[in-house]
Amino acid sequence: MSDVEVRRVGPEAWQAWRDIRLRSLRESPDAFGSTVERERAFTEVDWKRRAGGPGPAVLAFRGGDPVAMGAGWPYEPGKLMIVAMWTDPRLRGRGIGRRILDELVGWAREAGLRPDLWVADANPAARGVYEAYGFVANGESAPLREDSDLTRSRLVLDAPDISDS
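By convention here, each chain's residues receive numbers from 1 onward along its written sequence. Only residues with pLDDT of at least 70 are given local features in this predicted model, and only at 80 or more are side-chain atom pairs given and counted; all residues enter the totals for whole chains, interfaces and linings. Side-chain metrics in this entry use all non-hydrogen atoms of the structure; hydrogen atoms and water are not considered.

Chemist: Sorry, what's going on with the overall build of the chain here?
Modeler: Helix numbering and strand numbering both begin at the N terminus, where a helix is a DSSP run of H or I of at least 4 residues and a strand a DSSP run of E of at least 2. Along the backbone of the chain there are five helices and seven strands. For the chain, the succession of helices and strands along the chain, N to C, is β-α-α-α-β-β-β-α-β-α-β-β. Radius of gyration here is computed from C-alpha atoms only, and the compact-globule reference equals 2.2 Å multiplied by the residue count raised to the power 0.38. Against the compact-globule benchmark of 15 Å for 165 residues, the chain has a radius of gyration of 15 Å, which places it among compact chains. Over its C-alpha atoms, taken along the principal directions, the chain stretches across nearly 40 × 35 × 30 Å. We call a residue buried when its accessible area falls under 20% of the maximum for its residue type, exposed when it is over 50%, and partly exposed in between, using a 1.4 Å probe and counting protein chains only. Out of the 165 residues belonging to the chain, those deemed buried represent 46%. The criterion used for residue contact is that any of the two residues' heavy atoms lie within 4.5 Å. Restricting to contacts in the chain with at least 6 residues of sequence separation, those with at least 24 account for 63%. For the chain, the distance from the average site of its 24 positive side-chain charges to the average site of its 26 negative ones is 3 Å. When charges are counted, neither His nor the chain ends are considered; positive counts come from Lys and Arg and negative counts from Asp and Glu. Think of each charge as sitting on NZ of Lys, CZ of Arg, CG of Asp or CD of Glu.

Pasting the structure below:
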């Protein structure tokens, strides 16, 4: 989609990050380990920290409005957890999620990290995006969050060595 700009952002984009994150949690509550109630209580400092790293935060804009998001979080030596992936339902299926993954995976490669993620088992469309990108299930499963009967599965990028790319 040529009318959509995808770019890494920092703490200066905290309001855009907050707005789309809360929208994602309202629209797709069963896709995330967090809830809109929990994140609505975050302060400006919390949102700046989330948009500012230590890993990449990526937003897609259309007409100046954020329409998709994703982030990465270094969480173990050599690994980057991809989190908060979401695209406005009106724009799904147009490759925006793949472009966000390109940014996140590119950042991981630059940092020498191997990306992985958790995907809600009740979200086959998201899983399809990740698998088309090259992520594969590693057999790990867990509850989506403490108060939910829903489950999630871990996917890892199917690449023998991240530095080979």
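Chemist: How do you make sense of the packing of helix α1 (residues 14-27) against helix α3 (residues 44-52) when you look at a structure like this?
Modeler: The description of two helices packed together rests on the angle between their axes and the distance between the axes. At a minimum axis distance of 9 Å, the contact between α1 and α3 shows a crossing angle of 90°. Between α1 and α3, the angle is such that the two are roughly perpendicular. Contacts between α1 and α3 pair Trp14, Trp17, Arg18, Arg21 and Leu22 from the former with Glu44, Trp47, Lys48, Arg50 and Ala51 from the latter. Here the term charged refers only to Asp, Glu, Lys and Arg, the term nonpolar to Ala, Val, Leu, Ile, Met, Phe, Trp, Tyr, Cys and Pro, and the term polar to all other amino acids, Gly among them. Of the residues contributing to the contact of α1 with α3, the split by class is five nonpolar, no polar and five charged. Between N-to-C directions, angles span 0 to 180 degrees; the directions come from axes that are lines fitted to C-alpha atoms, helices contributing only their stretch in contact. Here is the rule for angles: anything less than 35 degrees is roughly parallel, anything more than 145 is roughly antiparallel, 65 through 115 is roughly perpendicular, and the remaining ranges are oblique.

Chemist: Just checking my understanding: could you explain the nonpolar core for this structure?
Modeler: Considering soluble globular proteins, one finds that nonpolar side chains tend to be buried as a cluster. By nonpolar core we mean a set of buried residues, namely Ala, Val, Leu, Ile, Met, Phe, Trp, Tyr and Cys, connected to one another through side-chain atoms within 4.5 Å. Ala60, Ile82, Ile100, Tyr130 and Phe135 are the most contacted members of the largest nonpolar core, which totals 22 residues. Elements represented by at least two residues in this core include exactly β1 (4-9), β2 (57-62), β3 (65-76), β4 (79-87), α4 (96-111), β5 (114-120), α5 (124-133) and β7 (151-157). Here this core takes five residues from α4, the largest share from any one element. Ala16, Leu25, Trp47 and Ala71 belong to the second-largest nonpolar core, a separate cluster that totals 20 residues.

Chemist: Before we go on, may I ask you to explain the pattern of salt bridges in this structure?
Modeler: If the charged atoms of two oppositely charged side chains come close together, the side chains can form a pair. Any Lys or Arg side-chain nitrogen located within 4 Å of an Asp or Glu carboxyl oxygen qualifies as a salt bridge. In total, this model carries 19 salt bridges according to the counting rule given. Between arginine 23 and aspartate 88 there is a salt bridge, with its nearest N and O atoms 2.8 Å apart. Of this pair, arginine 23 sits in helix α1 while aspartate 88 sits in the loop between β4 and α4; the two residues are 65 residues apart in sequence, bridging distant segments of the chain. When its relative accessible area of 25% is taken as the criterion, arginine 23 is described as partly exposed. Residue classification places aspartate 88 among the buried residues on the basis of a relative accessible area of 3%.

Chemist: I'm lost on the sheet that holds β1 in this one. Help?
Modeler: The pairing of strands in a sheet happens through backbone hydrogen bonds and is either parallel or antiparallel. Pairing between strands is defined by DSSP: at least two bridges between them are needed. Spatially, β1-β2-β3-β4-β5-β7-β6 is the arrangement adopted by the seven strands of the open sheet, whose pairing is mixed. Looking at strand neighbours, the two that pair on one side only are β1 and β6 (135-143), the edges of this open sheet. Each neighbouring strand pair of the sheet contributes to a mean axis angle of 25°, computed without reference to strand direction. Here β1 pairs with β2 via six bridges, running antiparallel. By the bridge assignment, valine 6 is partnered in β2 with alanine 60.

Chemist: Would you mind showing me how to read the environment of arginine 94 here?
Modeler: Within the secondary structure, arginine 94 sits in the loop between β4 and α4. Side-chain atoms alone can form a polar contact between residues adjacent in sequence; in general such a contact is a pair of N or O atoms within 3.5 Å, and within protein one must be able to donate a hydrogen while the other accepts it. In terms of polar contacts, arginine 94 uses its side chain to reach the backbone carbonyl oxygen of arginine 90, at 3.5 Å.

Chemist: Looking at this structure, I do not really get α4. What am I missing?
Modeler: Counting along an α-helix, one turn takes 3.6 residues, and residues three or four places apart therefore face a common direction. Here α4 is 16 residues long and its end C-alpha atoms lie 23 Å apart, about the 22 Å a rise of 1.5 Å per residue gives. Following α4 by one or two positions, glycine 112 has its phi on the positive side, about 75°. The length a helix should cover is 1.5 Å for every residue beyond the first.

Chemist: Teacher, can you tell me more about the environment of arginine 154 here?
Modeler: Locating arginine 154 in the fold gives a position in strand β7. You can call arginine 154 buried: its relative accessible area is 11%. In this structure, the C-alpha to C-alpha distance between arginine 154 and glutamate 37, residues 117 residues apart in sequence, is 25 Å. The contacts of arginine 154, once residues within four sequence positions are left out, are Tyr75, Met81, Asp116, Leu117, Trp118, Val136, Ala137, Asn138 and Glu140. A polar atom in the side chain of arginine 154 sits 2.9 Å from the side chain of tyrosine 75.

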